[in-house]
Amino acid sequence: MSTLFSQKLVSTPARFTTLVSVFISLLIVIGVNILNAKYNAVINRTLVFLLIVLTLKCINNKFIRNVLAAVLLIPVAADVTLQLYAWNNFNSSFSYGFALSVLNTTPGEASSMLGLYWRDCLTFVAISALFIFTANTGWWPIAPRFRRWPGIALVLTLLAFFGQALQHQLRKSSVESLTQRVVQATPVSTAKVFMQAIEDNAVVANIGNNIPNYKITLTDTGIDNYVLIVGESERTANMSIYGYPRDTTPELIKQKPQLLLFRNAVTPAPVTIMAVPLALTADTVSGRDPHKYSDNVINIANKAGYDTYWFSRQGKGGAHNNVITGIAMNTKEHQWLDGGYDEDLLPLLNAALKKPGKKVIVLHLYGSHEPACRRFPANQAVLHGDNEADDCYDNSVRYTDTLMGNIFRTLENSRSSVMYFSDHGLVRDPQRSVVYSHGNVNPPREALHIPMFIWYGQQVDSKNKMTGDYDKPWSADDVNTLAELWLGIHRQGEPVNSVQSWLAGYDKNVTVLDTTGKSYEWRNIR
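Described in the following lines is the structure provided in the data block. Everything quoted here is computed from the prediction, not taken from an experiment.

1. Let's talk about the side chain of Thr157
Next up, step 1: Secondary-structure assignment places Thr157 in helix H7 (residues 149-171).
Next up, step 2: There is a polar contact of 2.7 Å between the side chain of Thr157 and the backbone oxygen of Ala153.
Next up, step 3: Ignoring any residue separated from it by four or fewer positions in sequence, one finds Thr157 in contact with Leu47, Val48 and Leu51.

2. Here we look at the side chain of His449
Next up, step 1: Position of His449 among the secondary structure elements: in strand E10 (residues 449-456).
Next up, step 2: For His449, a relative accessible area of 19% puts it in the buried group.
Next up, step 3: Here Arg263 takes part through its backbone oxygen, which lies 2.8 Å from a polar atom of the side chain of His449.
Next up, step 4: Excluding residues that lie within four positions of it along the chain, His449 makes contacts with Glu234, Thr236, Arg263, Asn264, Ala265 and Trp522.

3. Some words on helix H3 (residues 62-90)
Next up, step 1: Given a rise of 1.5 Å per residue, 29 residues ought to cover 42 Å, and the 40 Å separating the end C-alpha atoms of H3 matches this to within 8%.
Next up, step 2: The largest bend in H3 amounts to roughly 30° and is located at Ala70.
Next up, step 3: Of all the positions in H3, only Arg65, Ala69, Leu73, Val76, Ala77, Asp79, Val80, Thr81, Gln83, Tyr85 and Ala86 are classed as buried.
Next up, step 4: Sitting at the head of H3, Asn61 places a side-chain oxygen 3.0 Å from the backbone nitrogen of Phe63.

4. Concerning unusual backbone geometry
Note on backbone geometry: most residues besides glycine have negative phi, and most peptide bonds are trans.
Next up, step 1: Residue Pro371 is bonded to the preceding Glu370 through a cis peptide linkage, with omega at -5°.
Next up, step 2: Tracing the backbone through its elements, the reader meets Pro371 in the loop between strand E6 (359-364) and helix H15 (388-411).
Next up, step 3: Positive phi, close to 60°, is recorded for Ser233, a residue that is not glycine.
Next up, step 4: Even without glycine at this site, Asn442 takes up a positive phi of about 45°.
Next up, step 5: Tracing the backbone through its elements, the reader meets Asn442 in the loop between strand E9 (436-437) and E10.

About the criteria used
Per chain, the residues get numbers from 1 upward, laid out in the order the sequence is written. Local features in a predicted model are, by the rule used here, given only for residues with pLDDT of at least 70; side-chain atom pairs are given and counted only at 80 or more, and totals for whole chains, interfaces and linings are based on all residues. Only hydrogens and water are set aside when side-chain values are computed; all heavy atoms of the structure are taken into account. Helix and strand labels come from DSSP, where a helix needs a run of H or I of at least four residues and a strand needs a run of E of at least two; each type is numbered from the N terminus. As used in this structure description, the phrase polar contact means that two N or O atoms lie within 3.5 Å; if the pair is within protein, one of them must be able to donate a hydrogen and the other to accept it, and residues adjacent in sequence are counted only when both atoms belong to side chains. Contact criterion: two residues are considered in contact whenever any of their non-hydrogen atoms come within 4.5 Å of each other. We call a residue buried when its accessible area falls under 20% of the maximum for its residue type, exposed when it is over 50%, and partly exposed in between, using a 1.4 Å probe and counting protein chains only. A helix is expected to reach a length of 1.5 Å times the quantity of its residues less one. What we call the bend at a residue is the angle made by axes fitted to the seven residues finishing there and the seven residues starting there.

Structural measurements only, silent on function.
Have a look at this one:
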């Protein structure tokens, strides 16, 4: 295909039409993206769109130009339409939930929705026609010797976005895919949420469809109700039961005689989406294998005959939640709560406890996730000092402790037990605008040292309890193994251990991962 062609002589009206169509097209792209995106994203998307249009205008072959215009510009028109749809109907950006709904819509539902939102369909057709018309207008604003440059500039710009995304993955976090980061900077940015939704559907399906053929035996633990609580961003350094001077955990301290308290528990990773799957599945820090996500606490509890429940205050979809959601979806009953506070999980817990049979109930808290001041009601702000960031964080810890107290009182006169661990800690840096933040790359000890305990109700026989302090360095990478023993589950072909015997023989060189996937030995981290 040649991009060189003879100089075209056009009239002033044609020049005017060309300028107007380009101007209106750019205005549409800018105006729609500026509704929800940051200014740098708006600039990036507009630049890519302009380079696409100029590149198309420099193609002499009309057939090839129009084919490429359809391939490149109709998706941009779809992106603009989807963003307008979300903004006009819901006053929001086009998000993950919308994409998931589109992908899970049946043909009949799609037909009905198209009839309902026919104005958006007309908008899509009109914008598509405008963009293709803009690529085909007769005035070529670029001199003949420069007509290869828009295409070269487009390629270089996309390569720059790719390099920037790659640098982010290598230096900061590899949680989100490289492709999604690049797409986010282009005028088809809504494709990112579709890509994420497709990936999440595949992850959830894989975890649900590839359940191991467990061969297990059971031991009677004398416990009917197991409550597994996954905390969020809680630091041992801010908990009075671990020696913090502020009274942040009065409920835990009152229950100390009934606790097995892990003094040196270590998260396997400093962010939720890495830490929780490593904790609850057979995947490990030393041998990463996503295929092992199907071998998890929920699936083996189901095999053992427990009724399983998952109630969460965390997100349900996206790169930061998909594996966790895949695990949760295999429970007998599951629910995600939007808004409110962690205490809103208590009615769901109480309802599940009233049902007959032995059960495993998972509560996934929002805990102390930043901004911590939003994690508790105003009437729970009981600690006040000179530092607002510390007050907010400490009150969030105290609020979680209050929640624990309510759960303990609900369970104390039954054959029940609670296992709690926080997914990770946080870094405290008073010099930063966000004082408490995730550890990410090369995290320090404070971002990795987590609270962990097992609590036993009064009706649990003493022979089935282990209480006191456990001082060995212990990795939450092994929560799944410990949880199986806690539930009285033993895999055939493996030694039959109790919680007590397994912990007594625990001797592991604890290692952790940062958000780039690099591993560190706990003993060398400061």
